Amino acid sequence: MNYIQPRPSSIVAALYTVRDLGVDLAILHGPSGCSFKHARLLEEDGLRVLTTSLADNEFIFGGQQVLEDVLRYAEKEFKPERIVVVGTCVSMIIGEDMEAAILDSGIETPAIAVDIHAGFRENIDGVIAALEPAAEAGWIDEDELERQKRLLKAANEVERKRGAAYKPYVQPSRGDLKHVVAGSLVESACSGRKGIAILNAKKETAYMFADVLIALHERCPDADITYVVNLENRGLPKIRRDAETILSGIRSAGIDPVLCGALDEYGANGDRIGEIINEIKPDFALIAGVPHAIPPEYLEGIEVFSVTNGPRQVEPLKEFGHDHVVVEIDLHPKTLGVREIVPSEFGDTIRSI
């Protein structure tokens, strides 16, 4: 059975990928309200997003001339280094040739077209739709393109097996009470039990999830805890910059972590982290970011404290044996545009215990 709950949009996924590529201006070729919320949020993160604002007249007669006009306007007014035109359901239905519009506009700014719409069941199609023309334009090499495809497949598999897509509908939940979970976590850490604190976060969400590890270290600085983070320097330009910044912040807090995976490898990182868990044999584990990426067999016999930003992630995490699950509500909007680690609600709760 197909999903009967809302799922991430492939158009939005393409926009986020454009940002990760280091593009500074995107044009959505469609109605003015398409992907409105995420377009506004991405402007907080340095990606200027314009729209061709197609209306009913263009739905019938086409909007190529409008797109050409917006392309020329964008080049003249904003002087971007790179432009990406991102398709929508409307541009797909009326059969717009966005590449032709780029050529006919006469702009000199390097530009590519992303043929995408929201009619894909998996949002990773939007990521691939953006990466393939970027590779053709030489913005990334073929090795990175193939690497990204492998990572996307792994992340998608994790979501289907143990994530918010593990069944047709998942009831959203705010998770366990943070002060209760924080009390149990601090008691475990400060009582001499051996622990592992894991950051396995997706891209910019790590700016807040990292705060949870820092808070635990501040509250229990002498505890027997091994810190593991997915902050190796690989991936698209923005991903590498974010990893470097977050790792610097963690080290400045007095933590010398084990590096395991990159910020875009969260979905493929489960077995690598699991091997570290098997070596350490901890009594408890704190996992912030994408806890469900770690196969449950690695967590047997361990008290697991998980921190996610997905209300629909609580049910599957509980079902797969995570003892305590807390949710950082609205985490993603709070980590767009930031350039340093930001406080988390659960982190501040740990500090208050």
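So, how was this worked out
- Residues numbered from 1 in each chain as written.
- Predicted model: local features only at pLDDT ≥ 70, side-chain atom pairs only at ≥ 80, totals over all residues.
- Heavy atoms only, no water.
- Salt bridge = Lys/Arg side-chain N within 4 Å of Asp/Glu carboxyl O.
- Buried < 20%, exposed > 50% of the residue type's maximum accessible area, 1.4 Å probe, protein only.
- Pairing = 2+ DSSP bridges.
- Helix = DSSP H or I, 4+ residues; strand = E, 2+ residues; numbered from the N terminus.
- Axes fitted to C-alpha atoms, helices over the stretch in contact; angles between N-to-C directions.
- Right-handed = clockwise from strand over helix to strand, strands pointing away.
- Contact = heavy atoms within 4.5 Å.
- Parallel < 35°, antiparallel > 145°, perpendicular 65-115°, else oblique.
- Nonpolar A, V, L, I, M, F, W, Y, C, P; charged D, E, K, R; others polar.
- Phe/Tyr/Trp six-rings, centres within 6.5 Å; stacked < 30°, edge-to-face > 60°.
- Expected span 1.5 Å × (residues − 1).

**Things to note about the pattern of salt bridges**
Move 1: Throughout the structure, instances matching the rule amount to 24 salt bridges.
Move 2: With a shortest N-O distance of 2.7 Å, R19 and D20 are connected by a salt bridge. Considered together, R19 and D20 belong to a single accessibility category, that of buried residues.
Move 3: Here K238 makes a salt bridge to D45, at a shortest N to O gap of 3.7 Å.

**Side note on the sheet that holds strand 1 (residues 25–29)**
Move 1: Here we have four strands laid out as an open sheet, ordered 2-1-3-4, and parallel in their pairing. Both outer strands of the open sheet, strand 2 (48–51) and strand 4 (111–114), are each paired with one neighbouring strand and no more. Neighbour to neighbour, the strand axes of the sheet diverge by 20° on average, direction disregarded.
Move 2: In this sheet, strand 4 lies alongside strand 3 (residues 83–87) in parallel orientation, the contact comprising four bridges. Paired with I83 across the two strands is A111, which belongs to strand 4.

**Things to note about the pairing of strand 6 (residues 225–229)**
Move 1: For strand 6, the buried fraction is high: four of the five residues fall into the buried class.
Move 2: With five bridges connecting them, strand 5 (residues 195–200) and strand 6 associate as parallel partners. Considered in strand 6, the bridge of A197 is made with Y227.
Move 3: The handedness of the strand 5 to strand 6 crossover, carried by helix 10 (residues 206–219), is right-handed.
Move 4: Crossover handedness for the path strand 6 to helix 11 (residues 237–252) to strand 7 (residues 258–259): right-handed.

**Re the sheet that holds strand 6**
Move 1: Taken in spatial order, the six strands of this open sheet run 7-6-5-8-9-10, and their pairing is parallel. Edge positions in the sheet fall to strand 7 and strand 10 (324–327), since each of these pairs with one other strand and no more.
Move 2: The pairing of strand 9 (residues 303–308) with strand 10 spans four bridges and is parallel. Among the inter-strand pairings, T308 is bridged to a residue of strand 10, identified as V327.
Move 3: The strands that helix 12 (residues 270–280) touches are strand 5, strand 6 and strand 7; relative to strand 5, the one it contacts most, it runs at about 170°.

**As for the packing of helix 10 against helix 15 (residues 345–352)**
Move 1: At their nearest, the axes of helix 10 and helix 15 sit 8 Å apart, and the two run at 5° to each other. Classified by the interaxial angle, the pair formed by helix 10 and helix 15 is roughly parallel. Counting all contacts with helix 10, which are made through D211, V212, I214, A215, L216, E218 and R219, the residues of helix 15 involved are F346, G347, D348, I350 and R351.
Move 2: Classifying every residue of the contact of helix 10 with helix 15 by side-chain character gives six nonpolar, one polar and five charged.

**A look at the packing of aromatic side chains**
Move 1: Tallied over the full model, the rule gives three aromatic pairs.
Move 2: A ring pair is formed by F284 and F305, whose centres lie 6.4 Å apart and whose planes are at 90°; its orientation type is edge-to-face. A residue pair is termed long-range when its members are at least 10 positions apart, and F284 in strand 8 (residues 284–289) and F305 in strand 9 qualify at 21 residues. There is no split in this pair, since F284 and F305 are both buried.

**Overview of helix 7 (residues 124–136)**
Move 1: With 13 residues, helix 7 extends 19 Å between its outermost C-alpha atoms, agreeing within 8% with the 18 Å of an ideal straight helix rising 1.5 Å per residue.
Move 2: Turning to helix 7, its buried residues number three or more, namely I124, G126, V127, A129, A130, L131, P133, A134 and A135.
Move 3: Residues of helix 7 that are buried make contact with helix 1 (10–20), strand 4 and helix 8 (142–162).
Move 4: G138 occupies a position one or two residues after helix 7 and carries a positive phi of about 85°.

**Here we look at the environment of I273**
Move 1: Tracing the sequence through the fold places I273 in helix 12.
Move 2: For the pair I273 and I302, spaced 29 residues apart in sequence, the C-alpha to C-alpha distance is 14 Å.
Move 3: Not counting residues within four places of it along the chain, the set of residues in contact with I273 comprises I198, N200, C260 and I294.

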